[in-house]
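The lines below spell out each chain.
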Amino acid sequence: MDQKEHILEVRDLQTSFLTSTGEVKAVRGISFDIGKGESVGIVGESGSGKSVTSLSVMQLLAGTGRITGGSVKLNGEELIGKSKKEMRAIRGKQVAMIFQDPMTSLNPLLTVGDQVGEMLWAHDKNITKEDKKKRVIELFNLVRIPEPEKRYNCYPHEFSGGMRQRVMIAMALACKPDLLIADEPTTALDVSIQDQILKLMRSIQQEMGMSIMFITHDLGVVAELCSRVLVMYGGLVMEEASIFDVFENPCHPYTMGLIASIPDINQDKNKLLQPIPGSPPDMVNPPKGCPFAPRCPYACRICLEELPPVMEVAEGHKSRCWLLDKDAPAKDNPFKQRKEATT
Ligand code: SF4
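Residues numbered from 1 in each chain as written. Predicted model: local features only at pLDDT ≥ 70, side-chain atom pairs only at ≥ 80, totals over all residues. Heavy atoms only, no water.

Our focus in this paragraph is the overall build of the protein. Of the regular secondary structure elements, the protein holds 13 helices and 12 strands. Since a compact globule built from 343 residues should have a radius of gyration of about 20 Å, the 21 Å found for the protein is in line with a globular shape. Projected onto the principal axes, the alpha-carbon positions of the protein cover approximately 70 × 50 × 45 Å. Looking at the 343 residues of the protein, the share that counts as buried comes to 48%. Accessible surface, the protein: about 17,000 Å² in total, of which carbon and sulfur atoms supply 52%. Charge centroids of the protein, computed over 41 positive and 44 negative side chains, lie 3 Å from each other. (Helix = DSSP H or I, 4+ residues; strand = E, 2+ residues; numbered from the N terminus. Rg over C-alpha atoms; globule rule 2.2 N^0.38 Å. Buried < 20%, exposed > 50% of the residue type's maximum accessible area, 1.4 Å probe, protein only. Areas by Shrake-Rupley, 256 points an atom, 1.4 Å probe, with all protein chains shown as cover. Lys, Arg positive; Asp, Glu negative; His and termini not counted. Charge placed at Lys NZ, Arg CZ, Asp CG, Glu CD.)

Now the structure itself:
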């Protein structure tokens, strides 16, 4: 993709939190781009660094969180080092975010119409009351809230979880951002409502042509919405590929584990799902080698000693795994065996 078409360029981003037990290195040097109109999924378990990545992009790190290195460019403009006031002007207009639990993000004392209207007013102090209401109703229509005029004066508690998430999406879209960051926006919802919200996001993305960064622990959800995926583990991007390549030719044992743990409605109902055994690494003292090694069925000595570099599998497909090294043995190597089988 042409460099000029990138909305977001992240280079060697490092983010840490200071805790009583030491410095938690939540993100340890990740790089990626998001193109204009592209939807990219960032997938991983809790503690993989995926949400910290999105909060770092938004410059919304709480407490002791701080970016310790790297660069985040939005529309070619460096965000790291911007003042709070500068970031407030960028948030909403160029980049907006929706979170997992809309109830904690909405003010229970204000009507949903007023809350979306406030977002419009924050970026255009000259907007008239009539224009504001008209625009909010347009946004409610866009996110398919039925009877938007009537719903304008409702309070958040009068809405279901799915409807509240639609209000949050309307709020995020109020200023037509170039990039929408969605952090687990469907996790708190029932499966059928989750599907409706994903379909809504996909149609809005097509209508508005914006870019989406979708954070989730569920690779199956990413397949519904995104064209490209970054798989994170231990604060690093372990695999990056198109959604097609990730499912057809996964080139990291962690990605293979994530795929095996997706429930399949066609599978024998007595067959157990396969969770990935073990737990994520201690990010105060991350391992010097591959962070996935203690849980990886293919780990060998080098995996414990050296962090695998990013290796290019094919155009647009990268992975951090020693099994892809040209000198790695073919025996018990799923990637070399798969390659041999297809040549
Ligand atoms: Fe497993 Fe080694 Fe690959 Fe890490 S580098 S995923 S431990 S085989």
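What follows is about the state of the cysteines. Scanning the model with the defined rule gives zero disulfides in all. Here cysteine 226 stays unpaired: no disulfide links it, and the sulfur of cysteine 251, its closest cysteine neighbor, is 20 Å away. For the unlinked cysteine cysteine 300, the closest cysteine sulfur is that of cysteine 303, found at 3.7 Å. Accessibility expressed as a relative area gives 38% for cysteine 300, which makes it partly exposed. (Disulfide = S-S within 2.5 Å.)

Another point: empty space enclosed by the protein. Where empty space is left can be seen by rolling a probe of water-molecule size over the atoms. The full count for this structure, using the stated rule, is two cavities of 30 Å³ or more. Approximately 100 Å³ is the volume found for the largest cavity. Lining the largest cavity are 14 residues, with Cys290, Cys296, Cys303, Cys321 and Trp322 positioned closest to its centre. Tallied by class, residues from the lining of the largest cavity come to 12 nonpolar, one polar and one charged. Space inside the second largest cavity adds up to approximately 30 Å³. (1 Å grid on protein atoms, 1.4 Å probe; cavity = no way out; pocket = protein on both sides within 12 Å on 5 of 7 lines; lining within 4 Å. Points joined across faces, edges and corners; volume = space filled by probe spheres on them. Nonpolar A, V, L, I, M, F, W, Y, C, P; charged D, E, K, R; others polar.)

Among the six residues of strand β8 (residues 211-216), six are classified as buried, and the element is accordingly described as predominantly covered. Covered by surrounding structure in β8 are Ser211, Met213 and Ile215 together with Ile212, Phe214 and Thr216, the residues of both alternating faces. The sheet contact formed by strand β3 (residues 39-43) and β8 spans five bridges and is parallel. Counted as the bridge partner of valine 40 is methionine 213 from β8. Direction of pairing for strand β7 (residues 179-183) relative to β8: parallel, over a ladder of five bridges. Within β8, the residue paired with aspartate 183 across the bridge is isoleucine 215. (Pairing = 2+ DSSP bridges.)

Once that is clear, we can look at the pattern of salt bridges. A side chain of one charge can pair with a side chain of the opposite charge if their charged atoms are brought near each other. Per the counting criterion, the structure on display carries 12 salt bridges. Put simply, glutamate 38 and arginine 228 hold a salt bridge, and the shortest N to O gap is 2.7 Å. Of this pair, glutamate 38 sits in the loop between β2 (22-35) and β3 while arginine 228 sits in strand β9 (residues 228-233), and the two are 190 residues apart along the sequence. When the shortest N-O distance is used, the salt bridge between lysine 326 and aspartate 327 registers 3.6 Å. When its relative accessible area of 61% is taken as the criterion, aspartate 327 is described as exposed. One network of salt bridges, in which partners are shared, links Glu38, Arg228 and Glu240. (Salt bridge = Lys/Arg side-chain N within 4 Å of Asp/Glu carboxyl O.)

With that settled, the discussion passes to helix α11 (residues 253-260). For α11, the full list of buried residues reads Pro253, Tyr254, Thr255, Gly257 and Leu258. Packed against the buried residues of α11 are β3, α9 (219-225), β9, β10 (236-242), α10 (243-248) and α13 (334-342). (Contact = heavy atoms within 4.5 Å.)

According to the stated counting rule, one finds three aromatic pairs in the structure shown. Summarising the aromatic geometry, the rings of tyrosine 233 and tyrosine 254 are spaced 4.7 Å apart at their centres and angled 55° between planes, so their arrangement reads as tilted. Remark: tyrosine 254 occurs in helix α11 and tyrosine 233 occurs in strand β9; sequence separation between them is 21 residues. Per residue, the accessibility class of tyrosine 233 equals that of tyrosine 254, and both read buried. (Phe/Tyr/Trp six-rings, centres within 6.5 Å; stacked < 30°, edge-to-face > 60°.)

What the eight strands build is an open sheet, ordered β6-β7-β8-β3-β9-β10-β12-β11; its pairing is mixed. Two strands lie at the open edges of the sheet, namely β6 (95-98) and β11 (311-314), each paired on one side alone. Taken pair by pair, the neighbouring strands of this sheet meet at an average axis angle of 20°, ignoring direction. As judged from the three bridges shared by β11 and strand β12 (residues 317-319), these two strands associate in the antiparallel manner. In the sheet register, alanine 314 faces β12, and the bridge partner there is histidine 317. Sheet contacts for helix α1 (residues 50-58): β3, β6, β7, β8 and β9; angle to β8, the most-contacted strand, approximately 145°. Sheet strands in contact with helix α8 (residues 191-208) are β3, β6, β7 and β8, and its direction is about 160° off that of β8. (Axes fitted to C-alpha atoms, helices over the stretch in contact; angles between N-to-C directions.)

Next up on the list: the site of the ligand. Of all residues adjacent to the ligand, which total 13 residues, the nearest are Cys290, Cys296, Cys303, Cys321 and Trp322. Counting atoms within 2 Å of the grid points, the majority share of the ligand lands in the largest cavity. When the residues that make up the shell around the ligand are grouped by side-chain class, the tally is 12 nonpolar, one polar and no charged. (Near = heavy atom within 4 Å. Sits in = over half its atoms within 2 Å of the grid points.)

With that settled, the discussion passes to unusual backbone geometry. Here aspartate 12, not a glycine, exhibits a phi torsion of approximately 50°, which is positive. Within the fold, aspartate 12 resides in strand β1 (residues 6-19). When its relative accessible area of 42% is taken as the criterion, aspartate 12 is described as partly exposed. For asparagine 75, which is not a glycine, the phi torsion comes out positive at approximately 50°. You can call asparagine 75 partly exposed: its relative accessible area is 36%.

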